Structures are given as C-alpha cells and as structure tokens.
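Each chain, letter by letter, is given below.
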Amino acid sequence: MFAGHRQDRTLLPSEDHCPLCPTREGGPPTEIPLAAFDVVVFENRLPSLVASPPEPDVAGSELYQVAQSSGANEVIVYSDDHHLEMADMEVGKLARIVEVWADRFAALGSRAEVEYVLIFENRGEAMGVTLHHPHGQVFAYPEVPPRAQLELTTATAHLEQGGTCVFCDVVARERADGVRVVAQNRSFLAFVPFAARYPYEVHVMAQRHVPSLLDLTDPERLALAEVLKVVLGAFDRLFGFRLPYVMAMHQAPTADHRWLPVSHLHLEFMPAHRTATKLKYLAGSELGGGVFLNDTRPESTASALRAAASGTPA
Ligand SMILES: [Zn+2]
Ligand SMILES: [Zn+2]
Ligand SMILES: [Zn+2]
C-alpha cells in the first residue's frame, strides 16, 4: 500500500500537544473533542485505506497491477490517560477494549469492500511508534493479507490431511508439553511458539475453536482480558522496562465463510528485544531468505516469561 501523504504526520509530539489526549478546557483541540472518555475509536486522519479512495495516480498494466486502497484505517485510543498502558489496566477495563475490538471487527467486517479486518498495536519507539499515548489500530483490507492467507492455506492442507484444525492441535500439544506455556486460564492459552521467530514471541490462542472475537461468550471475553493482563505484565517485568512489541490479531476473513473451519482466533505478540539491551533485527536470512534466526530456545524464554509473570525478577 502506498500513502505518500502520510510523510507529513506528527512525530512524537510532547505530552502537551498529544493529539490522542482529551480536549481540555483552554487547551489546544485534539483529535478527540471530549473532556474525558473511556475508549475512543476514530478514523485515522491520514488513513492508508479509505471507504472511497481516489483512483491510483499511476496507470496499471498486466505486469504492474494497481488497485484503489479501499477499506478502513481506524485508531483505538485505549483510555484518556496519556500514561495508562494496557499492562497497567484493571481487567474490567481490558475487557472493555476486547468489546471494542469485537465491535470494530463486526462493523468493518460487514462492509462489502472489506475482506479482512486486522487489529494490531505497535508499541514503543523501537517499533516506529509516532505517538506515545497508548493506542492500537484496525486495518480493514480489501483482500486477505499474505501472512493471514498463508496460515489459512497451511491450515487447510492440515485439515484435508488429518481432519483437524492445526491451531486446535497446537493448543492441545502446548498444553501437554507445558514447557512453552507462559500463562493460561479456562479459555485461553499463552505460549512461546515451538518455531518462534522472535525470542520473546508469545501467541495467545483461544482454547476452543473460535473463528473470531464474535464467537466468544462473555466469560470467554473476560478470560481473554485476564490472560492479556498476565502476558503484558510479564513483558514489562521481563527486563524492567516497557517492552516494545507488535501485536497482531488473526481472525477469520469476513467476506468468505469457507475459511471458518481453519480460522482460529489468536493474538501474536512480537517483541523487539532479544536481550535487555539488544534488538532483534531482521537481516540477511530473514529479509533475503524469509528464514528467521533465533538464538534463544523457546523453552527458556517461556520460562523467563513465566517467572516474570509471577513477579520473580528475571
Ligand atoms: Zn495523550
Ligand atoms: Zn481450531
Ligand atoms: Zn497467526
């Protein structure tokens, strides 16, 4: 996706000029014309995807195909507190955010031009974040994005071979092995994947086969909030600072129901750090070959995260 106009966006404004804070009396107007709020969603002012996009400004050809960037790009501001991170929220507040995620998945997924809704969060300057106020984003794409499509295609092959959902099989295997589990409750399992790409990568997966947030019962949504609280707390206690990460949620495509048997709700957390002082960079093998090198063992990093989750210093 190209969005040339986005080069002018605000970079790391000071707290007094935060566009995601409430508009306070006598203060400058922000993106949110309210004196206080709980959770707010609005259309990104410089969106990468819009409902009625302009025609592409280059001509396509058979070799170089182009399409309008139709869809949506929303910002979810988690709270009106400039410093309140999800890790520090009460579970009840996290559950409200889960409700908002489900609401946006339903609303954007029902649009005719939308095939896939990706909910994500970029956290920390190491991840290129331009605004410190805790927030996430939603991209509603006009087609299934490649990483999600690869999972669906692979899961379809697994289903055709063995008759089971590969994610359900992974949940059962991780529960049985136990060594890569970071946290769990009755409805969700958080674990470092067997073939983790990033040292402290954590997947939070529904224990039963649910294609999206919309298929969760109310107690299951609360259980998701509870497990998130544990995982996010573990991330921040791991090295004693706010661990930068990218979180991306994989759910069912919204336009094509044939993927439901292989769509299994999970959140992938991809932290930037491989040690307290070193970042994991994507280099020759990752970018050139698509092969991730990971110099930690998932069993060891899971153990460190479990210790951090229980409050034991790393
Ligand atoms: Zn703010
Ligand atoms: Zn499943
Ligand atoms: Zn995934």
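The coordinates are above.
Residues numbered from 1 in each chain as written. Chains lettered and ligands numbered in written order. Predicted model: local features only at pLDDT ≥ 70, side-chain atom pairs only at ≥ 80, totals over all residues. Heavy atoms only, no water.

1. Let's talk about the packing of aromatic side chains
By the definition in use, this model includes eight aromatic pairs. Where Phe 139 meets Tyr 141, the ring centres are 5.8 Å apart and the plane angle is 70°; that geometry is what we call edge-to-face. Residues Phe 139 and Tyr 141 agree in their burial class; the two are buried. If you follow Arg 197 out to its NZ or CZ, it ends over the ring of Phe 292, 6.0 Å from the centre. (Phe/Tyr/Trp six-rings, centres within 6.5 Å; stacked < 30°, edge-to-face > 60°. Buried < 20%, exposed > 50% of the residue type's maximum accessible area, 1.4 Å probe, protein only. Lys NZ or Arg CZ within 6 Å of the ring centre and 35° of its normal.)

2. Some words on the environment of Pro 47
Checked against the element boundaries, Pro 47 lands in the loop between strand S1 (40-43) and strand S2 (72-77). Take Pro 47: its relative accessible area is 15%, and that puts it in the buried class. Each C-alpha atom of the pair Pro 47 and Ala 72 lies 7.4 Å from the other, and the pair is 25 residues apart in sequence. (Helix = DSSP H or I, 4+ residues; strand = E, 2+ residues; numbered from the N terminus.)

3. Here we look at the layout of surface pockets
In this structure, the largest pocket occupies an estimated 780 Å³ of space. If you trace the largest pocket, you find 26 residues lining it, with Met 1, Phe 2, Ala 67, Gln 68 and Ser 69 closest to the centre. Partitioning the lining of the largest pocket into residue classes produces 17 nonpolar, six polar and three charged. The computed volume of the second largest pocket comes to approximately 670 Å³. Forming the boundary of the second largest pocket are 21 residues, of which Glu 151, Phe 167, Pro 193, Ala 195 and His 203 lie nearest the centre. Of all elements in the fold, only helix H2 (146-162), helix H3 (166-177), strand S7 (202-206) and strand S9 (266-271) reach the threshold of two or more residues within the lining of the second largest pocket. (1 Å grid on protein atoms, 1.4 Å probe; cavity = no way out; pocket = protein on both sides within 12 Å on 5 of 7 lines; lining within 4 Å. Points joined across faces, edges and corners; volume = space filled by probe spheres on them. Nonpolar A, V, L, I, M, F, W, Y, C, P; charged D, E, K, R; others polar.)

4. Considering the coordination of the zinc ion (ligand 3)
Bound to the zinc ion (ligand 3) on the protein side are Glu 151 (OE), Glu 151 (OE), His 250 (ND1), His 266 (NE2) and Glu 268 (OE), at distances that span 1.9 to 2.7 Å. Mapped onto the sequence, the residues coordinating the zinc ion (ligand 3) show the spacing E-x98-H-x15-H-x1-E. Residues His 266 and Glu 268 agree in their burial class; the two are buried. (Donors = N, O, S within 2.8 Å, 3.2 Å for Na, K, Ca; no water.)

5. Details of the coordination of the zinc ion (ligand 2)
Distances from the zinc ion (ligand 2) to its protein donors, namely Cys 165 (SG), Cys 168 (SG), His 209 (ND1) and His 264 (ND1), fall within the range 2.1 to 2.3 Å. The sequence motif formed by the donor residues of the zinc ion (ligand 2) is C-x2-C-x40-H-x54-H. Linking Cys 168 in helix H3 with His 264 in the loop between strand S8 (245-250) and S9, this pair joins segments that are 96 residues apart in sequence. Note on Cys 168: relative accessible area 25%, which makes it partly exposed.

6. Some details on the pattern of salt bridges
Taken as a whole and judged by the stated rule, the model has 24 salt bridges. Linking Arg 197 and Glu 201 is a salt bridge whose minimum nitrogen-to-oxygen distance equals 2.7 Å. By the burial criterion, Arg 197 is buried, and Glu 201 matches it. When the shortest N-O distance is used, the salt bridge between Glu 268 and Arg 197 registers 3.1 Å. Placement of Glu 268 in strand S9 and of Arg 197 in the loop between strand S6 (188-191) and S7 is noted, with a sequence separation of 71 residues between them. Judged on exposure class, the residue Glu 268 and its partner Arg 197 are both buried. If you follow the salt bridges from partner to partner, you end up with Arg 173, Glu 174, Asp 177, Arg 180, Arg 297 and Glu 299 in one network. (Salt bridge = Lys/Arg side-chain N within 4 Å of Asp/Glu carboxyl O.)

7. Overview of helix H4 (residues 218-238)
Because each turn of an α-helix spans 3.6 residues, side chains separated by three or four positions in sequence point in the same direction. For H4, with 21 residues, the first-to-last C-alpha span of 30 Å sits near the 30 Å given by 1.5 Å per residue. Two residues or fewer after H4 comes Gly 240, characterised by a positive phi angle close to 80°. (Expected span 1.5 Å × (residues − 1).)

8. Description of the nonpolar core
Counting residues in hydrophobic clusters, the biggest one holds 54 residues, and the most contacted among them are Trp 101, Val 202, Val 204, Leu 213, Leu 224 and Phe 269. Top element by residues in this core is H4. It accounts for 10 residues. Residue contacts for Val 204: discarding those within four places in its chain leaves Phe 188, Leu 189, Ala 190, Leu 224, Val 227, Val 231, Leu 265, His 266, Leu 267 and Phe 269. Membership of the second largest hydrophobic core comes to 22 residues, among which are Tyr 116, Tyr 141, Leu 152 and Trp 259. (Core = buried A, V, L, I, M, F, W, Y, C linked by side-chain atoms within 4.5 Å. Contact = heavy atoms within 4.5 Å.)

9. Section: the pairing of strand S3 (residues 116-123)
Across the eight residues that make up S3, a large majority, seven, are buried. Alignment of S3 against strand S4 (residues 135-141), held across five bridges, turns out to be antiparallel. Bridge pairing in S4 places Leu 118 opposite Phe 139. (Pairing = 2+ DSSP bridges.)

10. Side note on empty space enclosed by the protein
By rolling a water-sized probe across the atoms, one finds the places where empty space is left. Across all of its chains, the model carries one cavity of 30 Å³ or more by this definition. In this model, the largest cavity occupies a volume close to 60 Å³. For the largest cavity, the full set of lining residues is Tyr 116, Ala 148, Glu 151, Leu 152, Phe 167, His 250, Gln 251, Ala 252, Val 262, Ser 263, His 264 and His 266. With three residues, H2 is the largest single contributor of residues to the lining of the largest cavity. When the residues that make up the lining of the largest cavity are grouped by side-chain class, the tally is six nonpolar, five polar and one charged.

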